[in-house]
4 protein chains.
Amino acid sequence: MYTYKRKAQFHETDRMGIIHHSNYIKWMEEARVGMMDLLGVSYRDMEDKYRIGSPVVSVNVDYKKYVEFGDELEIEVSVKKYNGAILEVCYNIVNRTKDQLAATAWSKHCFLKDGKLVSLKHEIPELDRSFREELKKDTTE
Amino acid sequence: MYTYKRKAQFHETDRMGIIHHSNYIKWMEEARVGMMDLLGVSYRDMEDKYRIGSPVVSVNVDYKKYVEFGDELEIEVSVKKYNGAILEVCYNIVNRTKDQLAATAWSKHCFLKDGKLVSLKHEIPELDRSFREELKKDTTE
Amino acid sequence: MYTYKRKAQFHETDRMGIIHHSNYIKWMEEARVGMMDLLGVSYRDMEDKYRIGSPVVSVNVDYKKYVEFGDELEIEVSVKKYNGAILEVCYNIVNRTKDQLAATAWSKHCFLKDGKLVSLKHEIPELDRSFREELKKDTTE
Amino acid sequence: MYTYKRKAQFHETDRMGIIHHSNYIKWMEEARVGMMDLLGVSYRDMEDKYRIGSPVVSVNVDYKKYVEFGDELEIEVSVKKYNGAILEVCYNIVNRTKDQLAATAWSKHCFLKDGKLVSLKHEIPELDRSFREELKKDTTE
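Note that this is a predicted model, so its numbers are computed, not measured.

Student: Can you explain the overall build of chain A? Please cite residues and give values.
Tutor: Summing up its helical and strand segments, chain A has four helices and eight strands in all. Shown N-terminal to C-terminal, the secondary structure of chain A runs as helices and strands in the order β-α-α-β-β-β-β-β-β-β-α-α. Here chain A, with 141 residues, has 60% of them falling under the buried criterion. Across chain A, every contact between residues at least 6 apart in sequence was considered, and the portion connecting residues at least 24 apart equals 65%. Just so you have it, chain A exposes about 5,900 Å², and 48% of that area is on carbon and sulfur atoms. The average position of the 23 basic charges and that of the 24 acidic charges among the side chains of chain A differ by 3 Å.

Structure (structure tokens):
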């Protein structure tokens, strides 16, 4: 599990006075990118060096408590499923300012090269190993 | 069912050359707001005249086909469940330029007044009736 | 002059209850893209067929009156300066719901091919002609 | 002068493969909010405790060098003009990854209470003093 820290910004609020729900999707991506930075192959290297994209296949968010401007967030991100071809990531969005679980979420991703589905096992073995280790950690935690 | 029309914008693209997945959440809201405009009580009136907010409780998107800058979209929005207290809306995001179903999605909403859950049946009977009629239409279509 | 029509969206509001100022920059782009659609070479074709990008060099906005959720906007966009290499576009953001000038703005653009500055006169003569005609119209209006 | 640090995010990129220009406006706000956190009265307190809003009157950005996904940014923010009623803030957006000045910018703000222009001198004397000290520092630096 990796924890990504982030402050809720003014420009993310809406007229209800709270953070607009669309921003959580961006925070999840930031946390996912942060996790990959620690796994040895960054998201940017995956795209630029290996020419592999990792589009989002599905996304789900359960909003539990409002987040407000200035709140300190910790986004706990972990690998839920992984088999080389499909990656499932789950997220706890924790509001440290209010000591509340603000939201839980998950996202599902595949891997594409030249428009075709590929397995990371063959394409980037070191990243494949990192995801498998992360998966083991996250299921035994 | 209501169909909301929208063009995919340049500022919505990302470095993969496609529309960033977070924007679909915004489009769903635009379509939902558009549907309510036709139901007799606009989203803005609900908030400003009746002091009722309708926060998003959950959201789910299944991305099926890329959308690109300039693509013409039709977002079909319909009421899936409704009981006065909880509203579930579902969406087909259709790419008219490519004649493809780009994504399916749903969102779940509650109704709040002064921070407390309320039923629209008591608070805004005419909107309650409209949602029930919409629900009937959408389940018999 | 071309007029681009647009509704102010819920997801564009902020906790002051008004449209967040960063969105005006996106509206200006939408209006600019809409203008180019009418000039015979779309922004997307410029990028995809001619491999020419048109980055923003400077941008300036003077905010005059608040815009609120649901307000109907008309963005009048016109060519202020153009010499083949540099394009200056100006904008009046008119709030039709309140019959107010919400903002005035301008943006300055250059043209790049393979990372080098180019003149549209040589690269896309028909678009060059369209911009010159637009410039003439806008200065004689 | 206050320096705000920030990484350029994937969701901020566009189909040119660079950070979309509209995001700089959001970064400027984040830096401004960060500066105020150090001045003793946070932006949120100004709004929530003192009921004073600080809308953006004008904004200007000169884009100098592209910023890419993953680039480490330092946004140097300083007070350029201040007289109690009007605040002008200027920004250097420095790309630390590429050791480049990515953009320079400024923004102009007024102060509003109950919809009327007010002077911070009377409304929040301690914030007024902080802005004046900041102004002195920034003009003598």
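Student: Please provide a residue-by-residue account of the state of the cysteines, values included.
Tutor: Covalent bonding between the sulfur atoms of two cysteines defines a disulfide. Across all of its chains, the model carries zero disulfides over all chains by this definition. No disulfide involves C90(C); its sulfur sits 19 Å from the nearest other cysteine sulfur, which is in C110(C).

Student: Which residues make up the pattern of salt bridges, and what values go with them?
Tutor: Summed over the entire model, instances satisfying the criterion amount to 77 salt bridges over all chains. With a closest N to O distance of 3.5 Å, R44(C) and D71(B) form a salt bridge. Taken together, the residues R44(C) in helix 2 (residues 43-48) and D71(B) in the loop between strand 3 (56-63) and strand 4 (72-82) connect one chain to another. Notably, a salt bridge pairs R96(D) with E74(D), separated by 3.2 Å at the nearest N-O pair. Of this pair, R96(D) sits in the loop between strand 5 (86-95) and strand 6 (100-110) while E74(D) sits in strand 4 (residues 72-82), and the two are 22 residues apart along the sequence. The exposure class assigned to R96(D) is partly exposed, which follows from its relative accessible area of 37%. Among the residues examined, E74(D) registers a relative accessible area of 16% and is labelled buried. Overlapping salt bridges bring together R15(A), R44(B), E47(B), D48(B), E68(C), D71(C) and K98(C) as one network.

Student: Go over the relation of the copies chain B and chain C, please, and point to the residues and values.
Tutor: When chain B is fitted to chain C, the best match, at an RMSD of 0.0 Å, comes from turning it 180° and sliding it 0.0 Å along the axis. Taken together, the turn and the small shift mark the pair as related by a two-fold rotation axis. Judged by C-alpha distance, R6(B) is the residue of chain B that lies nearest the rotation axis, at 5.2 Å. Most of the interface of chain B is mirrored in chain C, where 100% of its interface residues again form contacts.

Student: For unusual backbone geometry, give the residues involved together with the corresponding values.
Tutor: All names here are of chain A. Residues other than glycine seldom take positive phi values, yet D114 does so here, at roughly 50°. Structurally, the position occupied by D114 is in the loop between strand 7 (112-113) and strand 8 (116-117). Assessed through its relative accessible area of 70%, D114 is described here as exposed.

Student: Got a sec to walk through the environment of R132(A)? Specific residues and values, please.
Tutor: Residue and element names in this part refer to chain A. Take R132: it is sitting in helix 4 (residues 125-140). A relative accessible area of 31% places R132 in the partly exposed class. Between the C-alpha atoms of R132 and L112, which are 20 residues apart in sequence, the distance is 19 Å. Setting aside anything within four residues of it in sequence, one finds R132 in contact with Y82, N83, G84 and K121. One polar contact links R132 to D128, side chain to side chain, over a distance of 2.8 Å.

Student: If you had to explain the sheet that holds strand 2 (residues 52-53) of chain C to someone new, which residues and values would you point to?
Tutor: All names here are of chain C. The antiparallel open sheet is built from three strands, whose spatial order is 2-7-8. Of all the strands in the sheet, the pair left with one neighbour each is strand 2 and strand 8 (116-117). As judged from the two bridges shared by strand 7 (residues 112-113) and strand 8, these two strands associate in the antiparallel manner. Bridging across to strand 8, K113 finds its partner in K116.

Student: Describe in detail helix 1 (residues 23-38) of chain C, supporting the description with residues and values.
Tutor: Across its 16 residues, helix 1 of chain C extends 23 Å between first and last C-alpha, which sits within 8% of the 22 Å expected from 1.5 Å per residue. Two residues or fewer past helix 1 of chain C, G40(C) is found with a positive phi of approximately 100°.

Student: Explain the side chain of E30(C) to me, using residue names and the numbers behind them.
Tutor: Tracing the sequence through the fold places E30(C) in helix 1. At 2.5 Å, the side chain of E30(C) forms a polar contact with the side chain of Y4(C). Once residues lying within four places of it in the same chain are set aside, the contact partners of E30(C) are Q9(B), H11(B), Y4(C) and R6(C).

Student: Lay out the interface of chain A and chain B in plain terms, naming residues and giving numbers.
Tutor: At the interface, 26 residues of chain A touch 26 residues of chain B. When chain A packs against chain B, close to 2,100 Å² is buried across both sides, 51% of that on carbon and sulfur atoms. In this assembly, chain A and chain B are joined by four salt bridges. In this structure, the connection of chain A to chain B is made through 12 residue pairs in polar contact (both at pLDDT 80 or more). Residue assignment for the side of chain A that touches chain B shows that the elements contributing at least two residues are helix 1 (23-38), helix 2 (43-48) and strand 3 (56-63) of chain A. Counting residues per element, the side of chain A that touches chain B draws most heavily on strand 3 of chain A, at eight residues. A breakdown of the residues in the side of chain A that touches chain B according to their chemical character gives 11 nonpolar, seven polar and eight charged. Inspection of the sheet shows strand 3 of chain A paired to strand 3 of chain B by five bridges, in the antiparallel sense. The residue bridging S58(A) from the neighbouring strand is D62(B), located in strand 3 of chain B.

What counts, and at which threshold
- Residues numbered from 1 in each chain as written.
- Chains lettered and ligands numbered in written order.
- Predicted model: local features only at pLDDT ≥ 70, side-chain atom pairs only at ≥ 80, totals over all residues.
- Heavy atoms only, no water.
- Helix = DSSP H or I, 4+ residues; strand = E, 2+ residues; numbered from the N terminus.
- Buried < 20%, exposed > 50% of the residue type's maximum accessible area, 1.4 Å probe, protein only.
- Contact = heavy atoms within 4.5 Å.
- Areas by Shrake-Rupley, 256 points an atom, 1.4 Å probe, with all protein chains shown as cover.
- Lys, Arg positive; Asp, Glu negative; His and termini not counted.
- Charge placed at Lys NZ, Arg CZ, Asp CG, Glu CD.
- Disulfide = S-S within 2.5 Å.
- Salt bridge = Lys/Arg side-chain N within 4 Å of Asp/Glu carboxyl O.
- Least-squares fit on C-alpha atoms with pLDDT ≥ 70 in both.
- Polar contact = N/O pair within 3.5 Å; in protein donor to acceptor, adjacent residues only side chain to side chain.
- Pairing = 2+ DSSP bridges.
- Expected span 1.5 Å × (residues − 1).
- Buried area = accessible area lost by both parts, 1.4 Å probe.
- Nonpolar A, V, L, I, M, F, W, Y, C, P; charged D, E, K, R; others polar.

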